[in-house]
Amino acid sequence: MKDDSLRPVQIMTLTASAIFGVDILLVPQRMARIAGQDGWISLGLGGLLSLASASLIYYLVSLYPEDDMPNICIKVLGRLLGRIIMLPTLLYTFIYVALSFRIFAQALLTFLLDRTPIYAIVLLMLLVTAYAVYKGIYTMASVCDLLFPLALITLIVLVATTISQGRLDYLRPILFDNSDKVLKGVLPGLQEYTGYSIIAYIYSHSQKGARTYKWYMVGILIPIIFYMLITLVCIMNFTAPGLEGVLYPTLTLSKSIEYTPLFMERLEAFVAVIWISIVFASGMAYYYAASRNIAVFFGVKSQYERYIVFAFIPLLLILAILEPNVLKSIKQITYLKTIQILVAGFVVPLLIVITLIKRRSSIKK
Amino acid sequence: MKKLVLLLMILSLLITTACWDMIDIEKRAYVLGVAIDLYPPNPKGREGDKSEARQEEEMPLEKTGLYNGRPEYALTVQIPILQKAQSSSFSGGGGDPESDATWQITQIGNSFISMNLEMATRTNLIPYYEHLQAIILSEDVARAGLKNVIDFFVRDPEMGRRVNIYVSHGEAKKVLDVNPRTEDYSSIYLSQIHRNTRKTSRMVEKAGLNKMLNNIDLGLDFILPAIQSTKDEIKSNGAAIFKKDKMVGWLDELELEAVKFILNRYNKGLITVTSSAMDNAIIALDIGKSKTKIKTSIENDLPRFDIDIEVSGSYAENTRVYTQGDQDIDLHKTLEKDFEKEIVSLCENTIKKMQEEYGVDIFEFKQLLRTREPAYWKEVKNKWEDLYPKIIVKVKARVKIDLIGLTS
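Residues numbered from 1 in each chain as written. Chains lettered and ligands numbered in written order. Predicted model: local features only at pLDDT ≥ 70, side-chain atom pairs only at ≥ 80, totals over all residues. Heavy atoms only, no water.

A. Region of interest: the overall build of chain A. Regarding its fold elements, chain A presents 17 helices and zero strands. For chain A, the C-alpha radius of gyration of 20 Å lies close to 21 Å, the compact-globule estimate for 365 residues. Expressed as lengths along the three principal axes of its C-alpha atoms, the size of chain A is roughly 70 × 45 × 40 Å. When burial is assessed residue by residue, chain A has 58% of its 365 residues classed as buried. Of the contacts formed within chain A by residues at least 6 apart in sequence, a portion of 86% connects residues at least 24 apart. Averaging the positions of the 30 positive and the 19 negative side-chain charges in chain A gives two centres separated by 11 Å. (Helix = DSSP H or I, 4+ residues; strand = E, 2+ residues; numbered from the N terminus. Rg over C-alpha atoms; globule rule 2.2 N^0.38 Å. Buried < 20%, exposed > 50% of the residue type's maximum accessible area, 1.4 Å probe, protein only. Contact = heavy atoms within 4.5 Å. Lys, Arg positive; Asp, Glu negative; His and termini not counted. Charge placed at Lys NZ, Arg CZ, Asp CG, Glu CD.)

B. Spotlight on the packing of aromatic side chains. For the coordinates displayed, the defined rule picks out 27 aromatic pairs over all chains. Aromatic side chains B:Phe222 and B:Phe242 sit 5.1 Å apart centroid to centroid with 5° between the ring planes, which places their arrangement in the stacked category. Here the residue B:Phe222 occupies a position in strand S8 (residues 222-229), and B:Phe242 occupies one in strand S9 (residues 234-243), the gap between them amounting to 20 residues. By relative accessible area, which is 4% here, B:Phe222 ends up buried. A residue is classified by how much of its surface remains accessible, and B:Phe242, at 0% relative accessible area, is buried. Grouping aromatic residues by their ring pairs yields a cluster made of B:Tyr73, B:Phe112, B:Tyr129, B:Phe152 and B:Phe153. It is A:Lys208 that lies over the ring of A:Tyr203; its NZ or CZ is 5.5 Å from the centre. (Phe/Tyr/Trp six-rings, centres within 6.5 Å; stacked < 30°, edge-to-face > 60°. Lys NZ or Arg CZ within 6 Å of the ring centre and 35° of its normal.)

C. Representation of the sheet that holds S8(B) in the model. All names here are of chain B. Taken together, the eight strands give an open sheet; going across it, the order is S4-S3-S2-S6-S7-S8-S9-S10, and neighbouring strands pair in mixed fashion. At either margin of the open sheet sits one strand with a lone partner, and together these are strand S4 (102-109) and strand S10 (246-251). Here the strands of the sheet are splayed against their neighbours by 30° on average, with no regard to which way each runs. As paired elements, strand S7 (residues 164-168) and S8 share two bridges and run parallel to each other. Looking across to S8, one finds that Val167 is bridged to Ala226. (Pairing = 2+ DSSP bridges. Axes fitted to C-alpha atoms, helices over the stretch in contact; angles between N-to-C directions.)

D. Main features of the nonpolar core. A:Tyr196 and A:Tyr287 are the most contacted members of the largest nonpolar core, which totals 133 residues. Not counting residues up to four positions away in its chain, the partners in contact with A:Tyr196 are A:Thr15, A:Ile19, A:Ser50, A:Ser53, A:Ala54, A:Ile57, A:Leu190, A:Tyr216, A:Ile220, A:Gln340 and A:Ala344. In terms of nonpolar packing, the next biggest core, distinct from the first, is built from 52 residues, B:Val204, B:Ala239, B:Ile241 and B:Tyr388 among them. (Core = buried A, V, L, I, M, F, W, Y, C linked by side-chain atoms within 4.5 Å.)

E. Layout of the domain arrangement of chain B. All names here are of chain B. For chain B, the assigned domains are domain 1 (25-251) and domain 2 (255-403). In this assembly, 26 residues from domain 1 lie in contact with 22 residues from domain 2. Put simply, domain 1 and domain 2 have five salt bridges between them. Glu385 serves as the salt-bridge partner of Lys243, at 2.8 Å between the closest nitrogen and oxygen. Between the two partners, domain 1 and domain 2, sit ten residue pairs in polar contact (both at pLDDT 80 or more). Contributing elements (two or more residues each) for the side of domain 1 that touches domain 2: helix H8 (209-218), S8, S9 and S10. (Domains from an automatic or database assignment. Salt bridge = Lys/Arg side-chain N within 4 Å of Asp/Glu carboxyl O. Polar contact = N/O pair within 3.5 Å; in protein donor to acceptor, adjacent residues only side chain to side chain.)

Here's what the structure looks like:
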């Protein structure tokens, strides 16, 4: 049965899936590096900012209920200017897919598949993701509906089993002589949630209404809560200075659950498996956004649009295996997210203002 | 079209048959325990105590860049011989290499990864560390510092952070050679001893790699379980005291009890007093519950810690008479006072010893100051070493005797 439009709950799962992703492995370490044991506060503040920024994007797309982001750019700014302003987003979504699969593959190589060549892992991920995107937004939403609860349950179990073995005093002193660093961490905190802009691509397929907005906000709140929780638990288990030295804290956390060996000794296996699906779901969302951007940018006709999904697999593969150094890849993905922050911070308000001015003048006429 | 799809499906079966990284389970050498000694094992004044390592187990390391003239460490890993595991559990072992259920391989060298790879050239199996149970360090290794040793065990992705760490009196390798009666593998036997902390507080509870790393990362002093081995048993024997990452001394079992009182990690255990009220009889209190609260304050620019230990337990044994028969509640009151004095003096003596003899803060006073008095800590953190022997610690204990067994 084919749905006519995305249900509000599906907006939630799609948004949350897009925000989670390979970053779930990296968030605690990044935040501890910036703000020490108060990193979780920065994440929370960044989360509040992301809710505000997300509302702005939502307002913009609700002005154009039938169009998604690339179309809106063209409509508002015209063919040339629209394309220019689209370009950063296009590059961002495109490169993000490659980079996140690269970091994913690097972690997988370290933990599970030490002899599998990196191109094989990335290619498989790309093929599966491309196929889901080729099938269309409704298939993607259904896949997220299936995977998201599993991801959520695993994360809950991970937090629940490790929070009791951590020590609360590693979080203290809270906000002592550290508030400047916490404030410095707000923007990087906001960066962790950049997937929220997926609404700009899926809103036109959704059932419009207040409930959609509500579930969209829930979809952002869930990652905010879990990122904060996981960062908290990581600090409680590894201490803030110790956490700075842990490359993939979430996986290491799952490997340090201290249980009697009779029961669930290998919980990390579940985490590893579910985490693959988390990366897949997020990659899928970005892949979709990238393919939409490219289709509009090059003016591909709508009947051929779904095939271009496969066209840029080789390019993505090359991008993904270009940089073999783990630390450099992690740095690159952090830089990359800055682009999205700029787009959400400047382009979106600009588009809203222009739209409102245009509409007002047309009413006067 | 249908035939084409069928053909594609069959073809895909051909290319999706195996995993790149597959290693058969019987091809893996599941390393259960690791023992790290200094090489040569007995450097100063103890040369007579010869290592029993066979010649072929000490094959020299290839001269790589890591080799700086002489090997520093001897790494011994314990690998189960799976074929023999079943039969030997009934034969009782006895040190005969033919009937052992495990194989201890020793390799000397400077870096642990290179020793590990060197070992791989000597076995037909592939060393695999996912199921590592115990890391045993010899006293000399611990005194030389942990930072030289732990990186391999933290960095290698096969290692988990829940592996237990021990410091052995004497050679670490000997602990792996133990042939326990109730268990096939000494490493597993060793890693299960700490479960008895639910019965006694005279040994350290599970001391995982993660906890140790946390202490090193925060710059805290800490303790690790100390062990001693004979031919067929291993004893958890007090603790080794670490200042930063270097071992500085031993803690005996009674002192360990005091440390656990102060750290609020006391589970169950026994306290004995000689009671003057009862004709110098030795009375034992079986502690069922213990709770410690520490209050931190600053007094005359010195940190002050008020330790309040609340203990309840049962009157377990009286060595003087078979039965008292007087049901004297006042007597119990005096006994409670005696126990309180005993606990306080035990704790105070231990604290004093740590302050004056070793200058180590295994009671985590530093962490208390850092988290509860951050402003004060910021002032003194650079002179903490000088400050520590001067800090004021007041111990108070409250003991309640709840049950008295079956005689009154």
